[in-house]
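Descriptive structure summary
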Amino acid sequence: MTIMNGAKMTYLSKTLILCAGLSLAACTNPDRFDDTNTVDLNGGAMSGSAQDPRSPAYFQQTVGDRVLFAVDQSNLSGEAQSTLAGQAQWLMANPEYTAIIEGHADEQGTREYNLALGARRANAAHEYLVNQGVAASRLKVVSYGKERPIEICSNEACYAQNRRAVTVIAAGLTS
Amino acid sequence: MRMLATLLTALSLWALPAVAQSNGPLRIEITEGVIEPLPYAVPDFVSDNSAGADFGRRIARVIASDLSGTGLFREIPNEAHISRITSFESPVQYADWKAINAQALITGAVSVDNAGKLVVRFRIYDVFSGQELGSGLQFVGTQEGWRRMAHKVADQVYTRITGEGGYFDSRVVFVGESGPKDKRAKRLAIMDYDGANVSYLTDSSSIVLAPRFSPTGDRVLYTSYETGFPRIYVLDVASVGRRALETQPGTMSFAPRFGPDGRTVVYSLTQNGNSDIFRMDINSGASARLTDAPSIETAPSFSPDGSQIVFESDRSGTPQLYVMSANGGEARRISFGQGRYGTPVWSPRGDLIAFTKQSKGRFHIGVMRTDGSEERLLTASFLDEGPTWAPNGRVIMFTRETQGPQGQASLYSVDITGRNLKQVQTSTGASDPSWSPLQN
């Protein structure tokens, strides 16, 4: 798969990238193709080639920038822990980067509760990374509640993708 | 007064789902939750001078829209009128209004005075008893404010006939929404309660959430992501000036609400992933923690006397409603039904708490007594949430969002009886309404 640099990618390549990072079930869901602007919700830094292990693109696509949660839960599954362990390794190997961990919820909940729930999820990922040795000073957390779904259908196939904590690599340490 | 007494009886029966009453010509029927609305006529207001002519019909139309919009009144259209009101001072031909079964008649006159001010006078008649209902009144205001003057007349009619406070001369602050579901742009907006006179208070460069009016309607609390993190701001409605509330660095704050004193704010603050409720004096910036639990505590709302706070917590394992002292301390759970409860809001009358309930895959707006008894669900849909009370505590406005990729949010209102569910017209998507008090 060829990855283009920068934020501008074709519709096709965006779709491929997204599907590579998500479950097959989500990719067979026709809802997700309704919108031509599907991806890059969380993706600030897509810079560098995904072939370059030191690039944020590699982090996003190969290491895996997100972990998913069960309904109303913020505990980390085994799969989530292994993704986060990979994130921690990458972050420790690339100390010039900082990260913001975004917590999200699906739309099945009130706005306020989902903000608090997203904060729990972001914090769960944050704690795991710090326990793995990533300096807390390099990490920030934010909750978007249900404000920024990445999948827009109203059924579990989408909800499962929206209940997530996404580690967004930032440009680097300022100062 | 017979008409007055009859409608009052009807309103006092709101808690009973099916009551039929049929005694005499002024009967009000409540059958399966449907009230028989009271017929009224509001002919175009006459103009005392040519400058006022333009306003006579428009003001009458807004009054009719207000009254009929409650579901408690039904207009008898102008085409059916036998008498024409050509002079505000001429005696009313009651027989002509009886003949078309108009039980209430509203007449008025409009003029523009030498200073360019709009002067609106009106009278309300009880047609079947053949007398005026209360005394005539006069309002003076700017010409641009003509809709407000119509709302004030309608509030008088509503109050005199139902015995309840009015709610038409009020505003709603809300979030205007545009764009697709995964990239929704949001900005704060303000409008009259009926959707007229929309203006925007912020741009859509960052996510804004859940604006809340101050007790006098002069300021709005809301949550914005303009720093990249959710944070509470207070905005002055007149100047649109705003400032962030000072909170500790590294925290998120959201779900703010004013206390009845207009300077105390309660809100959620999240630290290390845990959300608790705090209060702050927004003048001094002094804050205090009200809850201290590893569970989620959010959506606090003061009782109208300021002594208690109702809030949402999942300390039991699912989100439920709790009441505690305004100073914190032990909380007692008040919601015990099946499902998840959130966004409690204390009624301005103090008697009820409105809430969002999630049960069996559906969302409901409901009300319960402040001790949690007599829970009643008023609505049901894919996603209803965020109730706000009309100033008289009789009507609730809320957000309804449709499902699927094309899902859109809009505002709806419903009586606390569950009757008269209807959409509030807005030109864009809309969510998170907050209803102002009656304006002065």
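Computed from a predicted model, the values in this text were never measured in an experiment.

Once that is clear, we can look at the interface of chain B and chain A. Contact residues are listed per partner, giving 41 residues for chain B and 35 residues for chain A. When chain B packs against chain A, the two sides together hide about 3,300 Å² of surface, and 55% of this comes from carbon and sulfur. Close ionic contact of E385(B) with K146(A) constitutes a salt bridge, the shortest N to O distance being 2.5 Å. Between chain B and chain A we count 16 residue pairs in polar contact (both at pLDDT 80 or more) in total. Of all the secondary structure elements, the ones that give two or more residues to the side of chain B that touches chain A are β13 (208-213), β17 (252-258), β21 (297-302), β25 (340-346), β26 (352-359) and β33 (429-435) of chain B. Top element by residues in the side of chain B that touches chain A is β17(B). It accounts for 3 residues. Its residues assigned to classes, the side of chain B that touches chain A shows 17 nonpolar, 13 polar and 11 charged.

So, on to the sheet that holds strand β12 (residues 199-200) of chain B. Residues and elements named next belong to chain B. On the basis of which strands lie adjacent, the open sheet formed by 4 strands has the order β12-β11-β10-β33 and antiparallel pairing. Of all strands in the sheet, those bounded by a partner on one side alone are β12 and β33. Taken together, the 8 bridges between strand β10 (residues 171-178) and strand β11 (residues 185-192) define a ladder with antiparallel strand orientation. The partner of V175 across the bridge, within β11, is L188.

Before going further, it helps to examine the domain arrangement of chain B. Accessible area lost on assembly of the parts is the figure often given for the size of an interface. Residue and element names in this part refer to chain B. For chain B, the domain assignment lists domain 1 (4-162) and domain 2 (171-435). In this structure, domain 1 and domain 2 have C-alpha centres spaced 34 Å apart. Of the residues lining the interface, 13 residues belong to domain 1; the matching set on domain 2 comes to 16 residues. Summing the contributions of domain 1 and of domain 2, the shared interface buries around 1,200 Å²; its carbon and sulfur component is 44%. Applying the counting rule to domain 1 against domain 2 returns 1 salt bridge.

This part is about helix α2 (residues 50-69) of chain B. Residue and element names in this part refer to chain B. The end-to-end C-alpha separation of α2 is 30 Å, in line with the 28 Å expected for 20 residues at 1.5 Å each. Largest kink in α2: about 30°, centred on G56. Where α2 terminates, the next one or two residues include G71, which has phi positive at roughly 80°.

Take the confidence of the model for chain A next. With 71% of its residues at a pLDDT of 70 or more, chain A has an overall mean of 79. Of the regions scoring below 50 in pLDDT, residues 1-45 of chain A engages in 76 contacts with residues more than four places distant in sequence or in other chains.

All names here are of chain B. Buried residues dominate strand β30 (residues 395-401), accounting for 7 of its 7 residues. Residues V395, M397, T399 and E401 of β30 are buried on one face, and the alternating residues I396, F398 and R400, pointing to the opposite face, are buried as well. Strand direction decides the pairing type here: strand β29 (residues 384-389) and β30, joined by 4 bridges, are antiparallel. By the bridge assignment for β30, T388 is matched with M397.

With that out of the way, let us pick up unusual backbone geometry. With the exception of glycine, most residues fall at negative phi, and the peptide bonds are largely trans. Residues and elements named next belong to chain B. Of note in the backbone geometry, A299 takes a positive phi value of approximately 55° without being a glycine. Summarising the element assignment, A299 is placed in strand β21. In this structure A299 comes out as buried when scored by relative accessible area, which is 6%.

Here is what the cut-offs are and how they apply
Along every chain, residues carry numbers that run from 1 in the direction the sequence is written. All chains are assigned letters beginning at A, and all ligands numbers beginning at 1, according to the order in which they are written. Local features in a predicted model are, by the rule used here, given only for residues with pLDDT of at least 70; side-chain atom pairs are given and counted only at 80 or more, and totals for whole chains, interfaces and linings are based on all residues. Just so you know, side-chain values use all the structure's heavy atoms and leave hydrogens and water out. The contact criterion used throughout is that any non-hydrogen atoms of two residues lie within 4.5 Å. By buried area we mean how much accessible surface two parts lose on assembly, using a 1.4 Å probe and totalling the loss over both. In what follows, salt bridge is the name for a side-chain nitrogen of Lys or Arg lying within 4 Å of a carboxyl oxygen of Asp or Glu. The term polar contact refers here to a pair of N or O atoms within 3.5 Å; inside protein, the definition further demands a hydrogen-donor-capable atom paired with an acceptor-capable atom, and it admits residues adjacent in sequence only when both atoms are side-chain atoms. Helix numbering and strand numbering both begin at the N terminus, where a helix is a DSSP run of H or I of at least 4 residues and a strand a DSSP run of E of at least 2. Side-chain classes follow a simple rule in which Ala, Val, Leu, Ile, Met, Phe, Trp, Tyr, Cys and Pro form the nonpolar group, Asp, Glu, Lys and Arg form the charged group, and the remainder, Gly included, forms the polar group. Should DSSP find at least two bridges between two strands, the strands are taken to pair. Here the bounds of each domain stem from an automatic or database domain assignment. Each residue after the first adds 1.5 Å to the expected span of a helix. Values of bend correspond, residue by residue, to the angle between axes fitted over the seven residues ending at that residue and the seven starting there. A residue's pLDDT is the predictor's confidence in that residue, given on a scale from 0 to 100. Throughout, exposure labels follow a simple rule: accessible area from a 1.4 Å probe, protein chains only, divided by the maximum for the residue type, with under 20% read as buried, over 50% as exposed, and the rest as partly exposed.

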